[in-house]
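Here are the chains, one letter per residue:
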Amino acid sequence: MIESLNSPHVARVKALISSRGVKERKNSGLFVAEGLQCAKEALAFSSNKNGFQGPPIETLFLTRNGRAKLEQIEDLQLSNAIDIIDVSDDVMKEMSETITPQGVLAICSIAKTELSSIKPSGNSRYIYLSEIQDPGNAGTILRSADAFGMDAVITSPGSVDMFSPKVVRSTAGSLWHIPVFESIELSEILKLGVQGISLGAEGEKPLSDFEPSGDVVAIFGNEARGLSSVETVNGVDIVNIPMPGDAESLNLSAAATIVMYHFSLLAAK
């Protein structure tokens, strides 16, 4: 059991979650997933119906209490291929970003996803995040994308790191269920013949009237600036969400969830 706060393992984890963690994660191809839910999904979810393989665990750090929690999960087995390291409660606190750690923390490999692996099927549904900055919004949108059966979440250059600790926690394990493609220009997605849709007050058509005829990507802009005029060129349809109440606007993740729910209703027809 590791009890020293000066352990190289502690330094490694802290480097991945520090303010400079973006560079460290990109260079190492690793990220930190903290908490029981993330570990459970990473251990239990090997691949989905499309063959997507979630980020595998490289190293799993467990306190005595954390190990007991994992062992209580039915049909969940700790693989011999994973480097499992027992640590003290104090060491876990030193590595954790949360106030009350659950005693479970994993270092995982970032899945290598490239534009060439995006293959529209004729009925594909994608989410595109353009320069989204808030980790909570990004993680919640990915979680909703998983819930409503989207095929992938794609981010633009300049968007929040989808493997930052706050985004990973906000996904509540959905990061292991749906592919994530980072730093891809919107124009590259539209070149695949995918129909673009975005929300805007200027949109004359309500979302409820929008029925895609093929593959579609729902585009969501920066929380403060929205989408630039350049991004809304090339035939991207602008629709609105009717709001009979008094609120001026919706939170980004709430609006995105409504769009995805609409897509799921169309798929169920």
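Right, let's walk through the structure included here. If you're wondering where the values come from, they're calculated on a predicted model, not measured in any experiment. (Residues numbered from 1 in each chain as written. Predicted model: local features only at pLDDT ≥ 70, side-chain atom pairs only at ≥ 80, totals over all residues. Heavy atoms only, no water.)

**Remarks on the sheet that holds strand E3 (residues 83-86)**
If you walk across this open sheet you meet the four strands as E1-E4-E2-E3, and the pairing is mixed. Pairing within the sheet leaves two strands with one partner each, and these edge strands are strand E1 (30-34) and E3. Across the sheet, the mean angle from the axis of one strand to that of its neighbour is 20 degrees, orientation sign disregarded. Alignment of strand E2 (residues 57-62) against E3, held across four bridges, turns out to be parallel. Residue pairing in the sheet places Leu60 in a bridge with Ile84 of E3. The sheet contacts of helix H1 (residues 8-17) involve E1, E2, E3 and strand E4 (104-109), and relative to E1 the element is tilted by about 95 degrees. (Pairing = 2+ DSSP bridges. Helix = DSSP H or I, 4+ residues; strand = E, 2+ residues; numbered from the N terminus. Axes fitted to C-alpha atoms, helices over the stretch in contact; angles between N-to-C directions. Contact = heavy atoms within 4.5 Å.)

**Here's the deal with the environment of Ser164**
Its place among the elements puts Ser164 in the loop between strand E6 (152-155) and helix H7 (165-170). Residue Ser164 is classed as buried on the basis of its relative accessible area, which comes to 10%. In this structure the side chain of Ser164 is engaged in a polar contact, spanning 3.2 Å, whose partner is the backbone oxygen of Asp161. (Buried < 20%, exposed > 50% of the residue type's maximum accessible area, 1.4 Å probe, protein only. Polar contact = N/O pair within 3.5 Å; in protein donor to acceptor, adjacent residues only side chain to side chain.)

**A few points about empty space enclosed by the protein**
Counted under the stated rule, the structure contains two cavities of 30 Å³ or more. Looking at the largest cavity, the residues that line it are Phe52, Pro55, Ala111, Thr113, Phe163, Leu175, Ile178, Pro179 and Val180. Each residue belonging to the lining of the largest cavity can be placed in one class, and the counts come to eight nonpolar, one polar and no charged. In this structure, the second largest cavity spans a volume of roughly 30 Å³. Along the walls of the second largest cavity sit Ile17, Val32, Ala33, Glu34, Met95, Glu97, Pro165 and Arg169, which together make up its complete lining. For the lining of the second largest cavity, the secondary structure elements donating two or more residues are E1 and H7. Sorting elements by how many residues they give to the lining of the second largest cavity places E1 first, with three residues. (1 Å grid on protein atoms, 1.4 Å probe; cavity = no way out; pocket = protein on both sides within 12 Å on 5 of 7 lines; lining within 4 Å. Points joined across faces, edges and corners; volume = space filled by probe spheres on them. Nonpolar A, V, L, I, M, F, W, Y, C, P; charged D, E, K, R; others polar.)

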